[in-house]
Amino acid sequence: MTSLNSARNEARANGGKAVHDAHADDVNARLRSEAFQQAFDLGYPPVDTAAVEDATRQLLVAVGEDPLREGLANTPRRVARAYEELLAGYRTDPVALVNDALFNVEQSDMVVVSDIDFYSLCEHHLLPFYGKAHVAYLPAGKVIGLSKIPRIVEMFARRLQLQERLTRQIAGFVDEVLQPEGVAVVLEGVHLCARMRGVENGGTRMTSSTFLGRFESDPAARAEFLTHIRAR
Ligand code: ZN
């Protein structure tokens, strides 16, 4: 679901064309900088799939399994491929992701993209946590193509994560790319490491939020965003 405002923004934004201007060059230079790559844990080397396969075989032996039995014979290779995919976020090229999909706008209506599915791995147990992400920003002259917001969420979800850090990184990235008046991110997550191990009971979800700029300083802006996501 996207809000009326975001639909309006995109309609207006797409009326103009993507502008490859000084701002876009400036954004791309920032995204490629060493400081940015470090701040957002990007630019990691490729996954060493042979090492993951060896480690998986050792893990199977360590838990009392026979890694050569039929059902497990190809498991190390599958696990290595799965980790490659599930941890691809460290290796995403942020410039290719944004792909100059920045548009000039004059109004500063709130843009809200809600109910974005995310799937991540908790760094404490290497088990999944997943749920919904809700992202909003107050444009200061620029908006980003609507489809990019879920891809930003995915880039940070496909890592070993903590939900709080995932929330902050999504907000920080939107802030860096658009330099808007404010960014708000709320994540609602189900943590299988807690559920499967019986640490928590059935319906528990964890909610985390980051508010930057006007969403932090202006309770009315924050309330408008929270109303949007509660009205789903
Ligand atoms: Zn965990």
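Structure: see above.
A brief structural summary.

## Concerning the pattern of salt bridges
Link 1 in the chain: Scanning all chains against the criterion turns up ten salt bridges.
Link 2 in the chain: Arg 165 serves as the salt-bridge partner of Glu 123, at 2.6 Å between the closest nitrogen and oxygen. Of the two residues, Glu 123 is situated in the loop between β2 (111–122) and β3 (128–138) and Arg 165 in helix α8 (residues 163–178); the sequence distance between them amounts to 42 residues.
Link 3 in the chain: Since its relative accessible area comes to 22%, Arg 165 is described here as partly exposed.
Link 4 in the chain: One network of salt bridges, in which partners are shared, links Asp 26, Arg 30 and Glu 176.

## Here's the deal with the nonpolar core
Link 1 in the chain: Core analysis: the largest hydrophobic core is formed by 41 residues, its most contacted members being Tyr 137, Ile 144, Ile 149, Ile 152, Ile 170, Phe 173 and Val 177.
Link 2 in the chain: With seven residues, α8 is the single largest residue contributor to this core.
Link 3 in the chain: Of all hydrophobic cores here, the second largest spans ten residues; its members include Val 112, Ala 184, Val 186 and Ala 221.

## A word on the coordination of the zinc ion
Link 1 in the chain: With distances of 2.2 to 2.3 Å, the protein atoms coordinating the zinc ion are Cys 122 (SG), His 125 (ND1) and Cys 193 (SG).
Link 2 in the chain: Site description for the zinc ion: donor spacing in sequence, C-x2-H-x67-C. Residue Cys 122 is found in strand β2, and its partner Cys 193 is found in helix α9 (residues 192–195); the two are separated by 71 residues along the sequence.

Conventions used here
Residues numbered from 1 in each chain as written. Predicted model: local features only at pLDDT ≥ 70, side-chain atom pairs only at ≥ 80, totals over all residues. Heavy atoms only, no water. Salt bridge = Lys/Arg side-chain N within 4 Å of Asp/Glu carboxyl O. Helix = DSSP H or I, 4+ residues; strand = E, 2+ residues; numbered from the N terminus. Buried < 20%, exposed > 50% of the residue type's maximum accessible area, 1.4 Å probe, protein only. Core = buried A, V, L, I, M, F, W, Y, C linked by side-chain atoms within 4.5 Å. Donors = N, O, S within 2.8 Å, 3.2 Å for Na, K, Ca; no water.

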